Amino acid sequence: MTFFLRRRWMLSSLLAGFTTLASAQSEALYLPKAQQVADKVYAIVGPLGQRSEANAGLNANYGFIVTDKGVILIDSGASAHSAALLQKAVQGVTPQPIRWVLNTGSQDHRWLGNDFFAKQGAEVHALAATVKTQKAAAEQQMTGLARFVGAQLKGTQPRQATVVHPGTDVTLTLGGTTLRWLDTSAHYPGDTLIHLPQASVALTGDLVYVDRLLGVLPQSNVRKAAQGFERLQALAPKYVVPGHGRVTDMAQAQKETGDYYAYLINNVGAAARNMDTLSETLDKFASPAPFKHLQNFEELHRANMSRVFVDFESNP
Ligand SMILES: [Zn+2]
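Read on for an overview of the structure. (Residues numbered from 1 in each chain as written. Predicted model: local features only at pLDDT ≥ 70, side-chain atom pairs only at ≥ 80, totals over all residues. Heavy atoms only, no water.)

**Quick notes on the overall build of the chain**
Across its full length, the chain holds nine helices and 12 strands. Over its C-alpha trace the chain gives a radius of gyration of 20 Å, about what one expects of a compact globule, namely 20 Å for 316 residues. On the principal axes, the C-alpha backbone points of the chain span a range of 65 × 55 × 35 Å. Counting all 316 residues of the chain, 54% fall into the buried class. Restricting the contact set of the chain to residue pairs at least 6 apart, pairs at least 24 apart contribute 69%. Carbon and sulfur atoms form 55% of the exposed surface of the chain, whose accessible area is close to 14600 Å². Counting 29 positive and 25 negative side-chain charges, the chain places the centres of these two groups 6 Å from one another. (Helix = DSSP H or I, 4+ residues; strand = E, 2+ residues; numbered from the N terminus. Rg over C-alpha atoms; globule rule 2.2 N^0.38 Å. Buried < 20%, exposed > 50% of the residue type's maximum accessible area, 1.4 Å probe, protein only. Contact = heavy atoms within 4.5 Å. Areas by Shrake-Rupley, 256 points an atom, 1.4 Å probe, with all protein chains shown as cover. Lys, Arg positive; Asp, Glu negative; His and termini not counted. Charge placed at Lys NZ, Arg CZ, Asp CG, Glu CD.)

**Description of the coordination of the zinc ion**
Donor atoms from the polypeptide that coordinate the zinc ion comprise Asp206 (OD), Asp206 (OD) and His244 (NE2), at 2.1 to 2.6 Å from the metal. Taken together, the residues Asp206 in the loop between β11 (201-203) and α6 (222-235) and His244 in the loop between β12 (239-241) and α7 (250-273) connect sequence positions 38 residues apart. (Donors = N, O, S within 2.8 Å, 3.2 Å for Na, K, Ca; no water.)

**Description of the pairing of strand β2 (residues 41-45)**
The buried fraction of β2 amounts to four of the five residues, a majority that puts the element mostly inside the structure. Counted between consecutive antiparallel strands, the loop separating strand β1 (residues 34-38) from β2 contains two residues, among which Lys40 sits at a positive phi close to 70 degrees. Bridge analysis of β2 against strand β3 (residues 61-67) gives five bridges, and the strand direction is antiparallel. Paired with Val41 across the strands is Ile65, a residue of β3. (Pairing = 2+ DSSP bridges.)

**A short note on the packing of α6 against α7**
Two elements in contact, α6 and α7, have axes separated by 10 Å at closest approach and are oriented at 145 degrees. Of the two possible hands of crossing, α6 and α7 adopt the one that is left-handed. Facing Val222, Arg223, Ala225, Ala226, Phe229, Leu232 and Gln233 of α6, the residues of α7 in contact are Met250, Ala253, Gln254, Thr257, Gly258, Tyr261, Leu264, Ile265 and Arg273. (Axes fitted to C-alpha atoms, helices over the stretch in contact; angles between N-to-C directions. Left-handed = near helix turned anticlockwise from the far one by under 90°.)

**Concerning the sheet that holds β11**
Strand order in this open sheet of five strands is β8-β9-β10-β11-β12, and the pairing throughout is mixed. Looking at the sheet topology across the chains shown, the edges are occupied by β8 (169-174) and β12. With direction set aside, neighbouring strand axes in the sheet form an average angle of 20 degrees. Bridge analysis of strand β10 (residues 192-196) against β11 gives three bridges, and the strand direction is antiparallel. Paired with His195 across the two strands is Ala202, which belongs to β11. Packed onto the sheet, α6 meets β8, β9 (177-183), β10 and β11 and runs at close to 155 degrees relative to β9.

**Observations concerning the environment of Pro47**
For Pro47, the location among the structural elements is in the loop between β2 and β3. Distance from Pro47 to Val170, taken between C-alpha atoms, is 30 Å for residues 123 residues apart in sequence. Each residue touching Pro47, except ones within four places of it in the same chain, is listed here: Tyr30, Asn55, Leu58, Asn59 and Ala60.

**Focus on the sheet that holds strand β5 (residues 98-102)**
Backbone-to-backbone hydrogen bonds join strands into a sheet, with any given pair of strands oriented parallel or antiparallel. The mixed open sheet is built from seven strands, whose spatial order is β1-β2-β3-β4-β5-β6-β7. Of all strands in the sheet, those bounded by a partner on one side alone are β1 and β7 (163-165). Neighbour-to-neighbour, the strand axes of this sheet turn through a mean angle of 25 degrees, independent of strand direction. This element, helix α5 (residues 128-149), spans β6 (123-127) and β7 of the sheet and lies at about 100 degrees to β6.

**Regarding α7**
It helps to recall that an α-helix has 3.6 residues per turn; residues three or four apart then point in one direction. Counted at 1.5 Å a residue, the expected span for α7 with its 24 residues is 34 Å, but the 30 Å between its end C-alpha atoms falls short. Where α7 bends most, at Asp259, the angle is about 30 degrees. Just downstream of α7 lies Met275, where phi reads positive at about 60 degrees. (Expected span 1.5 Å × (residues − 1). Bend = angle between axes of the 7 residues up to and from the residue.)

**A word on the environment of Thr143**
Here Thr143 lies in helix α5. Placed 147 residues apart in sequence, Thr143 and Pro290 show a C-alpha to C-alpha distance of 37 Å.

**Observations concerning the packing of aromatic side chains**
Throughout the structure, instances matching the rule amount to five aromatic pairs. Residues Phe116 and Phe117 carry aromatic rings whose centres are separated by 5.1 Å and whose planes lie at 90 degrees to one another, so their mutual orientation is edge-to-face. Taken as a pair, Phe116 and Phe117 share a single burial class, namely buried. Here the guanidinium or amino end of Arg223 rests over the ring plane of Phe312, the centre of that ring lying 3.8 Å away. (Phe/Tyr/Trp six-rings, centres within 6.5 Å; stacked < 30°, edge-to-face > 60°. Lys NZ or Arg CZ within 6 Å of the ring centre and 35° of its normal.)

**Regarding the pairing of β9**
A regular strand places its side chains on the two faces of the sheet in alternate fashion. Across the seven residues of β9, five count as buried, placing the element largely inside the fold. In terms of strand pairing, β8 meets β9 through six bridges, oriented antiparallel. Residue Thr173 lies in a different strand from β9, and its bridge partner there is Thr178. Taking the residues that link successive antiparallel strands as the turn, the β8-β9 hairpin has two residues, and the phi of Gly175 there is positive, at about 50 degrees. As paired elements, β9 and β10 share four bridges and run antiparallel to each other.

Next up, the structure:
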């Protein structure tokens, strides 16, 4: 490297450092806090924005159940650093140890804290389909996440579940608490929801978003998502802990997620089946009144529509 290049490199890394510092300073530090949902059931509701150092990558919802034989934690955070923050939130409620960690999905913030909890003796559980996606995504997720949380990734080891459940409909019991675990494959292949029949709570993973628009990614399957939502309706939980957004009920979940899946399928999917053009379709359905108010609408809706269009075009 020439002196000149070295100087330029130093300058640009300095500038990058300042930018990170500036954005970290402008964003309030997020500390996970437990919120009671029902008897023995708690949610930890993360912020709606992008992953950052200020939120430690915990921009999603978590949950836990205090059973007679220890705590079941739903999702493990985005790193060892953030897993320790989740553990603190649990310890604020109960002195019981975390016995089980369940992964509802394969996005970084749902499972990269597994290793932290496993090292402390927790059993990590996941459905086989979830583990498959985690394995395929691990390396890319570590690289991607480093851009958002930097040095907080130190000591984080991607580690899949030690107890892997085959199938798409699993029932587990610990310390008198029974849970039903269903594959939805909505946002990512192998995404799941967890239903607690005794408490009438569903922790939906990335099947349900409220307050912000959900994202349809290249890995998402809007038809499976709509079917998963129907299964959720059939369970009729009183309380819904969505993947993102406040703890809510089925009415809000219906309005901001169920109706949106239906909107995409019945309008954009139908247009693709009808062989309308993509650009016409994107313009025609650009501004649906029931969803326009949701956070992230401007950033996501058009891309969501084009992914659904391409999906239905290639697989009508
Ligand atoms: Zn998510």
